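Listed here are the chains, written in short residue letters.
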Amino acid sequence: MILNRKFLKFEIDFDFVLIAVTTSLKDYRVCYLINKFLNFNFTKSNDLAVDIYQGSEPVLFSLYHYHWETTETDFYFIGNKGSEGYLVPEIKSADYFLMIRNYIDDDDLENLISMLNKIPEIVAAVKIDPKKIKSRENLLF
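What counts and what doesn't
Residues numbered from 1 in each chain as written. Predicted model: local features only at pLDDT ≥ 70, side-chain atom pairs only at ≥ 80, totals over all residues. Heavy atoms only, no water. Pairing = 2+ DSSP bridges. Helix = DSSP H or I, 4+ residues; strand = E, 2+ residues; numbered from the N terminus. Contact = heavy atoms within 4.5 Å. Axes fitted to C-alpha atoms, helices over the stretch in contact; angles between N-to-C directions. Buried < 20%, exposed > 50% of the residue type's maximum accessible area, 1.4 Å probe, protein only. Core = buried A, V, L, I, M, F, W, Y, C linked by side-chain atoms within 4.5 Å. Polar contact = N/O pair within 3.5 Å; in protein donor to acceptor, adjacent residues only side chain to side chain. Phe/Tyr/Trp six-rings, centres within 6.5 Å; stacked < 30°, edge-to-face > 60°. Lys NZ or Arg CZ within 6 Å of the ring centre and 35° of its normal.

**Q** Can you help me understand the sheet that holds strand 5 (residues 63-68) in this one?
**A** Within a beta sheet, neighbouring strands are joined by backbone hydrogen bonds and run either parallel or antiparallel to one another. Spatial ordering of the open sheet is given by 2-5-6-7-1-8, a layout of 6 strands whose pairing is antiparallel. The open sheet has two edge strands, strand 2 (43-44) and strand 8 (122-128), and neither has a second partner. As judged from the 2 bridges shared by strand 2 and strand 5, these two strands associate in the antiparallel manner. Paired with Lys-44 across the two strands is Tyr-64, which belongs to strand 5. On the sheet, helix 1 (residues 27-38) packs against strand 1 (16-23), strand 5, strand 6 (73-79), strand 7 (96-101) and strand 8 and is oriented at approximately 150° with respect to strand 6.

Put into structure tokens, the structure is as follows:
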């Protein structure tokens, strides 16, 4: 008797843009500067709790949110270094991540990265492909 087997394959859709931000400033200070230079309005949200180590308490990461009304775009500013480890351990050089969900135009994205790099306290802001990150599941919330 031949059994007919079917395999279920699914791929998680990473429908967001990710920008790695390197700076020595605290999260609230960086958000203040982004709000000032880019006319954003980041507000502090509850910390992001991620189960990095199975069987232990979730690791907490600072989280800020801003919603662009005109295009329904959400911006999340997330700390990479948490209470007990890194959100994305393979990119330890990044202090924070700016996640952009929903639609953003390529020109707007390039302009945003350029403006972030013009803030004197920000060392670097670079676009990262989420599909190339091993611990990308940590970015799904």
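On we go from here.
**Q** Help me understand the pairing of strand 6 in this model?
**A** On a regular strand, each side chain points to the face opposite its neighbour's, so the side chains alternate between the two faces of the sheet. With 7 of 7 residues buried, strand 6 is to be regarded as a mostly interior element. Burial of the side chains of strand 6 extends over both faces: Thr-73, Phe-75, Phe-77 and Gly-79 are buried on one face and Asp-74, Tyr-76 and Ile-78 on the other. Here 6 bridges tie strand 5 to strand 6, and the two strands are oriented antiparallel to one another. Across the sheet, residue Leu-63 finds its bridge partner in strand 6, namely Ile-78. Here strand 5 folds back onto strand 6 in antiparallel fashion, the turn holding 4 residues, of which Glu-72 has a positive phi close to 60°. Summarising the sheet, strand 6 and strand 7 pair through 6 bridges and their orientation is antiparallel. Following the sheet pairing, Ile-78 is matched in strand 7 by Phe-97.

**Q** Help me out: how do you make sense of the nonpolar core in this one?
**A** Generally speaking, a soluble globular protein has its nonpolar side chains buried in company with each other. With 25 residues, the main nonpolar core has Ile-19, Phe-42, Phe-77 and Leu-116 as its most contacted residues. Contributing elements (two or more residues each) for this core: strand 1, helix 1, strand 5, strand 6, strand 7, helix 2 (106-118) and strand 8. Tallying contributions element by element places helix 1 first for this core, with 5 residues. Discounting residues that sit within four places of it in the chain, Ile-19 has contacts with Tyr-96, Phe-97, Leu-98, Ile-100, Leu-109, Leu-112, Ile-113, Leu-116, Ala-125, Val-126 and Lys-127.

**Q** Can you walk me through the environment of Glu-90 in this structure?
**A** Tracing the chain through its elements places Glu-90 in the loop between strand 6 and strand 7. C-alpha separation for the pair Glu-90 and Lys-134, spaced 44 residues apart in sequence, amounts to 7.6 Å. Aside from chain neighbours lying at most four places away, what touches Glu-90 is Ile-133, Lys-134 and Ser-135. Separated by 2.7 Å, the side chain of Glu-90 and the backbone nitrogen of Lys-134 make a polar contact.

**Q** Any chance you could explain unusual backbone geometry here in plain terms?
**A** Glycine aside, the phi torsion of most residues is negative, and most peptide linkages are trans. Of note in this structure, Asn-39 is not a glycine but carries a positive phi near 60°. Mapped onto the elements of the fold, Asn-39 is located in the loop between helix 1 and strand 2.

**Q** What should I look at first to understand the packing of aromatic side chains in this one?
**A** Two numbers describe a pair of aromatic rings. These are the distance of the centres and the angle of the planes. Counted by the stated rule, this structure contains 10 aromatic pairs. Measuring from centroid to centroid gives 6.0 Å for Phe-42 and Phe-77, while their planes differ by 55°, and the two rings are tilted. Taken together, the positions of Phe-42 in the loop between helix 1 and strand 2 and Phe-77 in strand 6 put the pair 35 residues apart, joining distant regions of the chain. Just as Phe-42 is buried, Phe-77 falls in that class too. An angle of 25° between the planes, with centres 5.9 Å apart, marks the rings of Tyr-66 and Phe-75 as stacked. The same class applies to Tyr-66 and to Phe-75, which are both buried. Members of the aromatic cluster, joined through ring pairs, are Phe-40, Phe-42, Tyr-64, Tyr-66, Trp-68, Phe-75, Phe-77 and Tyr-96. Over the ring of Tyr-64 we find Lys-44, and its NZ or CZ is 5.1 Å from the ring centre. Its end group placed over the ring of Tyr-86, Lys-81 keeps NZ or CZ at 5.2 Å from the ring centre.

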